[in-house]
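Listed below are the residues making up each chain.
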Amino acid sequence: MHAPVPYSPPRPPIAVSPLIRDDVALADIARADWNRLAHELPLLSHEYFTALHDTGCATYETGWQPRFLTAWDRARLIGALPLYAKSHSYGEYVFDWGWADAYRRYGRRYYPKLVAAVPFTPVPGPRLLAEDKATRRALLERALAELDRGYSSLHVLFTEDEQTREGTAAGMLVRDGLQFHWRNEGYRDFADFLAAFNHDKRKKIRQERRRLRETGVTFVRKTGVDITAADLAFFFECYERTYHAHHSTPYLSLDFFDAIAESLAGRVLLVLGYRDGKRLCAALDLFDERTLWGRYWGTRDYVPGLHFETCYYQAIDFCIERGIECFEGGAQGVHKLARGLLPVSTHSLHAIADRAFASAIADYCARERSEVAHSIGELESGSPFRRNGGDGEGI
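Keep in mind that what you see is a predicted model, and the values were worked out from it rather than measured. (Residues numbered from 1 in each chain as written. Predicted model: local features only at pLDDT ≥ 70, side-chain atom pairs only at ≥ 80, totals over all residues. Heavy atoms only, no water.)

Colleague: Please explain the overall build of the protein as it appears in this structure.
Modeller: If you tally the helices and strands in the protein, you get 11 helices and 15 strands. In terms of overall size, the protein behaves like a compact globule, its C-alpha atoms giving a radius of gyration of 22 Å where 395 residues would be expected to give roughly 21 Å. Overall, the C-alpha framework of the protein stretches about 65 × 45 × 40 Å when taken along its three principal axes. The burial tally for the protein puts 55% of its 395 residues in the buried class. When contacts within the protein are restricted to residue pairs at least 6 apart in sequence, long-range pairs at least 24 apart make up 76% of them. Accessible surface, the protein: about 17,800 Å² in total, of which carbon and sulfur atoms supply 51%. Considering the protein, the positive charge centre built from 50 side chains and the negative charge centre built from 53 side chains are found 3 Å apart. (Helix = DSSP H or I, 4+ residues; strand = E, 2+ residues; numbered from the N terminus. Rg over C-alpha atoms; globule rule 2.2 N^0.38 Å. Buried < 20%, exposed > 50% of the residue type's maximum accessible area, 1.4 Å probe, protein only. Contact = heavy atoms within 4.5 Å. Areas by Shrake-Rupley, 256 points an atom, 1.4 Å probe, with all protein chains shown as cover. Lys, Arg positive; Asp, Glu negative; His and termini not counted. Charge placed at Lys NZ, Arg CZ, Asp CG, Glu CD.)

Colleague: Where do I start with unusual backbone geometry in this structure?
Modeller: Backbone geometry follows two general trends: most residues other than glycine have a negative phi, and most peptide bonds adopt the trans configuration. Along the chain, Tyr111 connects to Pro112 via a cis peptide bond; the corresponding omega equals 10°. Mapped onto the elements of the fold, Pro112 is located in the loop between helix 3 (97-105) and strand 6 (113-116). Phi angles above zero are rare outside glycine, and His39 is one such case at about 55°. Within the secondary structure, His39 sits in the loop between helix 1 (31-37) and helix 2 (46-54). Phi angles above zero are rare outside glycine, and His247 is one such case at about 55°. Secondary-structure assignment places His247 in the loop between helix 8 (229-245) and helix 9 (254-263). By relative accessible area, His247 is classed as exposed at 77%.

Colleague: Explanation requested: the pairing of strand 6 in the structure shown.
Modeller: Where a strand is regular, its side chains alternate between the two sheet faces. Here strand 6 shows no split at all, with Lys113 and Val115 on one side and Leu114 and Ala116 on the other all buried. Relative to strand 6, strand 5 (residues 83-86) runs antiparallel, the two sharing 4 bridges. The residue of strand 6 that forms the bridge with Leu83 is Ala116. Relative to strand 8 (residues 153-156), strand 6 is paired through 3 bridges, and the arrangement is parallel. Note on strand 8: the bridge partner recorded for Ala116 is Val156. (Pairing = 2+ DSSP bridges.)

Colleague: I would appreciate a short explanation of helix 9 in the present structure.
Modeller: Helical geometry note: an α-helix holds 3.6 residues per turn, so side chains three or four residues apart project in the same direction. Every buried residue belonging to helix 9 is among Phe256, Phe257, Ile260 and Ala261, and all of these are buried. All buried residues of helix 9 lie within an arc of 130° about the axis, which places them on one face of the element. Projecting away from the buried face of helix 9 at angles above 90 degrees are the exposed residues Asp255 and Glu262. Summarising the contacts, the buried residues of helix 9 are in contact with helix 2, helix 8, strand 11 (268-275), strand 12 (278-287) and strand 13 (291-299). (Arc of directions from axis to C-beta.)

Colleague: Help me understand the packing of helix 4 (residues 133-145) against helix 5 (residues 161-169) in this model?
Modeller: Helix 5 packs onto helix 4 with a crossing angle of 55° between their chain directions and a minimal axis gap of 11 Å. Between helix 4 and helix 5, the angle is such that the two are oblique. With respect to the hand of their crossing, helix 4 and helix 5 are arranged in right-handed fashion. Where helix 4 abuts helix 5, its residues Lys133, Arg136 and Leu140 lie against Glu162, Gln163, Glu166 and Gly167. (Axes fitted to C-alpha atoms, helices over the stretch in contact; angles between N-to-C directions. Parallel < 35°, antiparallel > 145°, perpendicular 65-115°, else oblique. Left-handed = near helix turned anticlockwise from the far one by under 90°.)

Colleague: Quick question: what am I supposed to make of a nonpolar patch on the surface here?
Modeller: Residues Tyr90, Phe95 and Trp97 make up a contiguous nonpolar surface patch of about 340 Å² in total accessible area. Relative to the elements of secondary structure, Phe95 occurs in the loop between strand 5 and helix 3. Residue classification places Phe95 among the partly exposed positions, given a relative accessible area of 45%. (Patch = residues over 30% accessible without salt bridge, like charges linked within 9 Å, V, L, I, M, F, W, Y side chains within 5 Å. Salt bridge = Lys/Arg side-chain N within 4 Å of Asp/Glu carboxyl O.)

Colleague: For this particular structure, what's the right way to read the packing of helix 8 against helix 9?
Modeller: What describes two packed helices is the angle between their axes and the distance between those same axes. Here helix 8 crosses helix 9 at 140°, and the two axes come no closer than 10 Å. What the angle tells us is that helix 8 and helix 9 run oblique. For the pair helix 8 and helix 9, the sense of crossing is right-handed. Contacts from Leu232, Ala233, Phe235, Phe236 and Tyr239 of helix 8 reach helix 9 at Leu254, Phe257, Asp258 and Ala261. When its residues are assigned to classes, the contact of helix 8 with helix 9 shows 8 nonpolar, no polar and 1 charged. (Nonpolar A, V, L, I, M, F, W, Y, C, P; charged D, E, K, R; others polar.)

Colleague: Help me understand the pattern of salt bridges in this model?
Modeller: A side chain of one charge can pair with a side chain of the opposite charge when the charged atoms of the two come close. Within this structure, the stated rule accounts for 31 salt bridges. For the salt bridge of Asp101 with Arg105, the shortest nitrogen-to-oxygen distance reads 3.0 Å. One end of the pair is Asp101 and the other is Arg105, both in helix 3 and 4 residues apart, which spans about a single turn. By relative accessible area, Asp101 is classed as partly exposed at 29%. A salt bridge links Arg221 to Asp317; the shortest N-O distance between them is 4.0 Å. In this pair, Arg221 sits in strand 10 (residues 217-223) while Asp317 sits in helix 10 (residues 306-322), placing the two residues 96 residues apart along the sequence. A single salt-bridge network, built from bridges that share partners, covers Asp22, Arg67, Arg142, Glu146 and Arg149.

Colleague: I keep staring at the sheet that holds strand 12 and nothing clicks. Help me out?
Modeller: Two modes of strand pairing occur in sheets, parallel and antiparallel, and in both the strands are linked by backbone hydrogen bonds. Spatial strand order, 2-5-6-8-15-9-14-13-12-11-10: 11 strands in an open sheet with mixed pairing. Here the strands that pair on one side only, and so sit at the sheet edges, are strand 2 (64-66) and strand 10. Each neighbouring strand pair of the sheet contributes to a mean axis angle of 30°, computed without reference to strand direction. Here strand 9 (residues 173-183) pairs with strand 15 (residues 342-352) via 9 bridges, running antiparallel.

Dropping the structure here:
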């Protein structure tokens, strides 16, 4: 390996030079000002980040040190970037453990690194929170400049298409990933949604739901002030139990869920499952007028088909009732395809300070993008939806 060379992408001058600051805490920014930049998206909201920080879930002690950048036109906030200094790669869902290991084997230090993301949340969307391109570029330039100050790399995770193109123009590498999203085609109800499936897939889902009902399982969906402290405590018990069953530790605390249930009350959906009248399972999602984001779930006992019903069918039913356009089912999970969630590509941006490593990683990312595109093509061929109405309506 050659000696490290500082990252230096092409940087044409920008037309506007707002003041970029790294010394303004989120707590010192008015909620309305931040949320205006975040387009009122709940998972990018002042309330959501505040809950992560104030409850100790995303802090220096947990390896998520907030280093937020803000852009100002005099005293007016015109841009922001939720940036963290990371001492590990947990909770990101864009996996770079192999990159870190390569650094270690060559005697280099990969951590700390910089990550622009919503902690523990693989939700695509804007990361450079600004209306105009010049301000977004200024924020990104400032973040890239931090690579001259001891950080190995900058990672901007789950970027929307426009900001992915802007990051590429700034010299950053692009990685593609895969998620499964459901689209509301104007379905009248769940039966109408299933009517769009081919015969075999439609029959399987009907059987899954019927068998679950026959075991005595029922569901209640709650939002807003209808969600009680006892409901949240039960949800957290299930959430924690399920993490432990997979020999893992949850990132989030009951205090965090209590905080967002209060501050984002009208944006939280809690699905509660019962068996013979006794609490069995729960799932917590967030939503706005256009999108529902599937987030966390857990159960006291294993029941066949319970996960699909709690996390997918109840969410889809809720979207149809509310006229919500999209349900994002979270990271990974090919099993989601058979439930009507179709594959979509996600993007992330990466700048590597060491040019020798950057060249090798660029080759890796190019191969990975090709593999993701191929996977999406194969998955689309296995769509559960009828093609040109061609398989009849029988059950």
